Amino acid sequence: MYESFSQDVKNEIVSSHVKNKCCKKAFLRGMIFGTNPSDETALYLESENPSVVMHYAKLIKEITGRRKENDISFTAITDSDRLNELCTLLEIDGVNATDVPIGGCEECIRAFVRGAFLTCGTVTYPENSYHMEFLVRGSERAEMLMSLLDEMGTNPKIIERRSGFYGVYFKDSESVLDMFGILGANKATFKMLDVKMYKDFRNNINRLNNCEMANMGKTAAAYETTMRAIEKIIASDKLD
């Protein structure tokens, strides 16, 4: 359920239309940022979601003009000339640059974050817990992403994971809902609100039941105390 919910969110992001060319570039910059390349000589995309792969290839085709090439050819770009061409068109200083330009309009920031989530983001099924995370290579990239998300009105945190990777994450329902809004994941928003309402209702019922049980316990204790007092009076022959 964890993986399928993440994939549902990603499918919803992919299905949203990106209009402006600057936003398309920002979207692709975000996807490349999220691929976490370890050097400047190659760019690899690893994703189990076919929609993400197709969208990645579509953006590269539109930006580079290589529309006739097979989608799979873009999942691993090892040719230095092609890689330099892509970086030049995207105006980035190498595929593993930490200082990444976002774009020229207000929607470019959202497009960048959406692209990054497609390649390095996960979110748990809300019935289990509230947790969304971007897993990126290196503390500088994590700090850059955290600062960007913080400027958008969210409150992310950073945790060190493994082998030089860092998680930029959210663990409360309100922050995750805010992020769904930024990602344009409306279906995921409604799903989470439904689950949240059910969980809140269930928790209220449990609290009422616990309160009722506590009151019954107090009543029983008071009854027992009263009965002991009456028994003591009877034993002392002073009932009259």
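Residues numbered from 1 in each chain as written. Predicted model: local features only at pLDDT ≥ 70, side-chain atom pairs only at ≥ 80, totals over all residues. Heavy atoms only, no water.

## Points about the overall build of the protein chain
Next, step 1: Per the secondary structure count, the protein chain includes eight helices and six strands.
Next, step 2: Out of the 240 residues belonging to the protein chain, those deemed buried represent 42%.
Next, step 3: Across the protein chain, contacts joining residues at least 24 apart in sequence account for 68% of those joining residues at least 6 apart.
Next, step 4: Of the accessible surface of the protein chain, which amounts to about 13,600 Å², a share of 51% is contributed by carbon and sulfur atoms. (Helix = DSSP H or I, 4+ residues; strand = E, 2+ residues; numbered from the N terminus. Buried < 20%, exposed > 50% of the residue type's maximum accessible area, 1.4 Å probe, protein only. Contact = heavy atoms within 4.5 Å. Areas by Shrake-Rupley, 256 points an atom, 1.4 Å probe, with all protein chains shown as cover.)

## Brief notes about the pairing of strand β5 (residues 157-160)
Next, step 1: By the bridge criterion, four bridges tie β5 to strand β6 (residues 165-170) in an arrangement that is antiparallel. Pairing of Glu160 across the sheet is with Tyr166, part of β6. (Pairing = 2+ DSSP bridges.)

## So, the packing of aromatic side chains
Next, step 1: Taken as a whole and judged by the stated rule, the model has four aromatic pairs.
Next, step 2: Plain terms: the ring middles of Phe5 and Phe180 are 6.2 Å apart, the flat faces sit at 70° to each other, and that makes the pair edge-to-face. Remark: Phe180 occurs in helix α7 (residues 173-183) and Phe5 occurs in helix α1 (residues 2-15); sequence separation between them is 175 residues.
Next, step 3: Look at Phe180 and you get buried, because its relative accessible area is 0%. (Phe/Tyr/Trp six-rings, centres within 6.5 Å; stacked < 30°, edge-to-face > 60°.)

## Some points on α7
Next, step 1: For α7, the tally of buried residues reaches eight of 11 residues, placing the bulk of the element in the interior.
Next, step 2: Following α7 by one or two positions, Gly184 has its phi on the positive side, about 75°.

## A short note on the pattern of salt bridges
Next, step 1: All chains considered together, the criterion is met by seven salt bridges.
Next, step 2: Residue Arg82 pairs with Glu69 through a salt bridge whose shortest N-O separation is 3.1 Å. Placement of the pair is Arg82 in helix α4 (residues 80-90) and Glu69 in the loop between α3 (50-64) and β2 (76-77), with a sequence separation of 13 residues.
Next, step 3: The shortest N-O distance in the salt bridge between Glu133 and Arg161 comes to 2.7 Å. Separated by 28 residues along the polypeptide, Glu133 in strand β4 (residues 132-137) and Arg161 in the loop between β5 and β6 bring together distant segments of the chain.
Next, step 4: Members of the salt-bridge network, linked through shared partners, are Arg66, Glu69, Arg82 and Glu85. (Salt bridge = Lys/Arg side-chain N within 4 Å of Asp/Glu carboxyl O.)

## Concerning the pairing of β4
If a strand is regular, its side chains alternate between the two faces of the sheet.
Next, step 1: For strand β3 (residues 121-123) and β4, the ladder comprises three bridges, and the chain directions are antiparallel. Directly across from Gly121, in β4, lies its bridge partner Phe134.
Next, step 2: Bridging between β4 and β6 involves six bridges; their strand directions are antiparallel. The residue bridging Met132 from the neighbouring strand is Phe170, located in β6.

## Overview of the confidence of the model for the protein chain
Next, step 1: Here the protein chain shows a mean pLDDT of 85. Residues at 70 or above account for 89%.
Next, step 2: The lowest-confidence element of the protein chain is helix α8 (residues 186-235), averaging 72 in pLDDT; the highest-confidence one is β6, averaging 96. (pLDDT = per-residue confidence, 0-100.)

## A closer look at the sheet that holds β3
Next, step 1: With antiparallel pairing, the four strands of this open sheet are ordered in space as β3-β4-β6-β5. Edge positions in the open sheet fall to β3 and β5, since each of these has one partner strand only. Going across the sheet, the axis of each strand differs from the next one's by a mean of 25°, ignoring polarity.
Next, step 2: On the sheet, helix α6 (residues 139-151) packs against β4, β5 and β6 and is oriented at approximately 15° with respect to β6. (Axes fitted to C-alpha atoms, helices over the stretch in contact; angles between N-to-C directions.)

## Some details on the side chain of Arg29
Next, step 1: Mapped onto the elements of the fold, Arg29 is located in helix α2 (residues 21-34).
Next, step 2: Glu91 provides the closest opposite charge to the buried, salt-bridge-free Arg29, at an N-O distance of 4.3 Å.
Next, step 3: Ignoring anything within four residues of it in the chain, the contact list for Arg29 reads Cys22, Leu90, Glu91, Ile92, Val100, Pro101, Ile102, Gly103 and Phe112. (Lys, Arg positive; Asp, Glu negative; His and termini not counted.)

## Points about α4
Next, step 1: Three or more residues of α4 are buried, namely Leu83, Leu86, Cys87 and Leu90. The buried residues of α4 occupy an angular sector of 95° when projected down its axis, which confines them to one face. Seen from the buried face of α4, the exposed residues on the opposite side, beyond 90 degrees, are Asp81 and Thr88.
Next, step 2: Where α4 is buried, its residues contact α2, β1 (43-44), α3 and β2.
Next, step 3: Backbone geometry just downstream of α4 places Glu91 in the positive-phi region, at approximately 60°. (Arc of directions from axis to C-beta.)

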